[in-house]
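Survey of secondary and tertiary structure
As a plain string of letters, each chain reads:
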Amino acid sequence: ALTFGSDEDRERALDGIRQIHKRVHGHLRTGTRRFPEGTPYSAENPDLVLWVHGTLLESVLLAYEQLVRPLTLAERDTYCAEAAPIAVALLARSEEVPRTWADASAYLGRMYASGDLEVTEQARSLAHAVLSPPAAAAWIAGPGTWINRVVTVGLLPPPIRRQYRLEWTRGNVRTFNVLVSTLRTLRHISPRAITQWPESRVVVPPGTHLPSEL
């Protein structure tokens, strides 16, 4: 809806996200090096919205280049520019939202070097639940669970991966490279009905207005 929907679809999706954000708030139960116990947090905090937006810019482009094809700098800039209104609509400060890949890279570099990012025990528990679900859930998901784990862990920045205490050996690197190559090949030979969202395959009459976001 955010990418391919009508103006009404997009606003409806944004409103749903805003309603979720309103419910996500509280105080840190466990302090970190930079943020003491009791520090308030809110999903509507512009700094946190910007951080999530920045990680999406980074990870979406990284995954696309791994699984589809390389991107030019102009394409990266276009993506950043067209994604910006979504972050602003979710309460990020407009003047802080990157509109180019250079600005996005600079922002991410500052964040990684700031010391603000710290993986806590709670974060490790959540990561374990996502990457290693209970046996029943893993059985239903099938090989998707294993693929998700390998790709997710492989794409993490090494310092963050180490903070999560996720093992990453030379064998893991070889597995990641083979898996990514296989997924990329499968994506290229599979029909569009499998590889693309239905909304993206809709034929739009000439002159029809489309949302620019994403």
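What you see is a predicted model, and the numbers here were worked out from it, not measured in a lab.

1. Notes on the overall build of the protein chain
On a plain count of helices and strands, the protein chain comes out with 10 helices and 2 strands. Over its C-alpha atoms, taken along the principal directions, the protein chain stretches across nearly 55 × 40 × 35 Å. Buried positions account for 24% of the 214 residues belonging to the protein chain. Of the contacts made within the protein chain by residues no fewer than 6 positions apart, 57% connect residues no fewer than 24 positions apart. Of the accessible surface of the protein chain, which amounts to about 13,800 Å², a share of 60% is contributed by carbon and sulfur atoms.

2. Describing the packing of aromatic side chains
Considering all chains together, one arrives at 3 aromatic pairs under this definition. Look at W51 and Y112: their rings are 6.0 Å apart centre to centre, the planes differ by 85°, and that puts the pair in the edge-to-face class. Here W51, found in helix α2 (residues 46–67), pairs with Y112, found in helix α4 (residues 101–114); they are 61 residues apart in sequence, far enough to count as distant. Counting every residue linked through ring pairs, the aromatic cluster contains W51, Y107 and Y112.

3. Things to note about the packing of helix α7 (residues 143–155) against helix α9 (residues 170–189)
At a minimum axis distance of 10 Å, the contact between α7 and α9 shows a crossing angle of 115°. Comparing their axes, α9 and α7 come out roughly perpendicular. You can see that α7 and α9 cross each other, and the crossing is left-handed. Packed against α7, whose contacting residues are W146, I147, V150, V151, G154 and L155, the element α9 presents T175, F176, L179 and L183 at the interface.

4. Quick look at the packing of helix α3 (residues 73–89) against α4
Direction vectors running N to C along α3 and α4 enclose 75°, while the axes themselves pass 8 Å from each other. Classified by the angle between their axes, α3 and α4 sit roughly perpendicular to one another. Residue-level contacts link L73, R76, D77 and C80 of α3 to W101, A102 and A104 of α4.

5. Description of a nonpolar patch on the surface
Judged by side-chain polarity, I20, V24, Y41 and L48 come together as a nonpolar surface patch covering roughly 320 Å² of accessible area. Relative to the helices and strands, I20 resides in helix α1 (residues 7–23).

6. Some details on unusual backbone geometry
The phi dihedral of L91 falls on the positive side, at around 90°, and the residue is not glycine. By secondary structure assignment, the location of L91 is in the loop between α3 and α4.

7. A look at α1
In this model α1 runs 25 Å from its N-terminal to its C-terminal C-alpha over 17 residues, within 8% of the 24 Å that 1.5 Å per residue would give. Listed in full, the buried residues belonging to α1 are R10, L14 and H21. Seen along its axis, α1 keeps its buried residues to an arc of 30°; they face one direction. Turned more than 90 degrees away from the buried face of α1, the exposed residues are E8, R12 and R23. Looking at the packing, one finds that the buried side of α1 touches α3.

Conventions and cut-offs
Residues numbered from 1 in each chain as written. Predicted model: local features only at pLDDT ≥ 70, side-chain atom pairs only at ≥ 80, totals over all residues. Heavy atoms only, no water. Helix = DSSP H or I, 4+ residues; strand = E, 2+ residues; numbered from the N terminus. Buried < 20%, exposed > 50% of the residue type's maximum accessible area, 1.4 Å probe, protein only. Contact = heavy atoms within 4.5 Å. Areas by Shrake-Rupley, 256 points an atom, 1.4 Å probe, with all protein chains shown as cover. Phe/Tyr/Trp six-rings, centres within 6.5 Å; stacked < 30°, edge-to-face > 60°. Axes fitted to C-alpha atoms, helices over the stretch in contact; angles between N-to-C directions. Parallel < 35°, antiparallel > 145°, perpendicular 65-115°, else oblique. Left-handed = near helix turned anticlockwise from the far one by under 90°. Patch = residues over 30% accessible without salt bridge, like charges linked within 9 Å, V, L, I, M, F, W, Y side chains within 5 Å. Salt bridge = Lys/Arg side-chain N within 4 Å of Asp/Glu carboxyl O. Expected span 1.5 Å × (residues − 1). Arc of directions from axis to C-beta.

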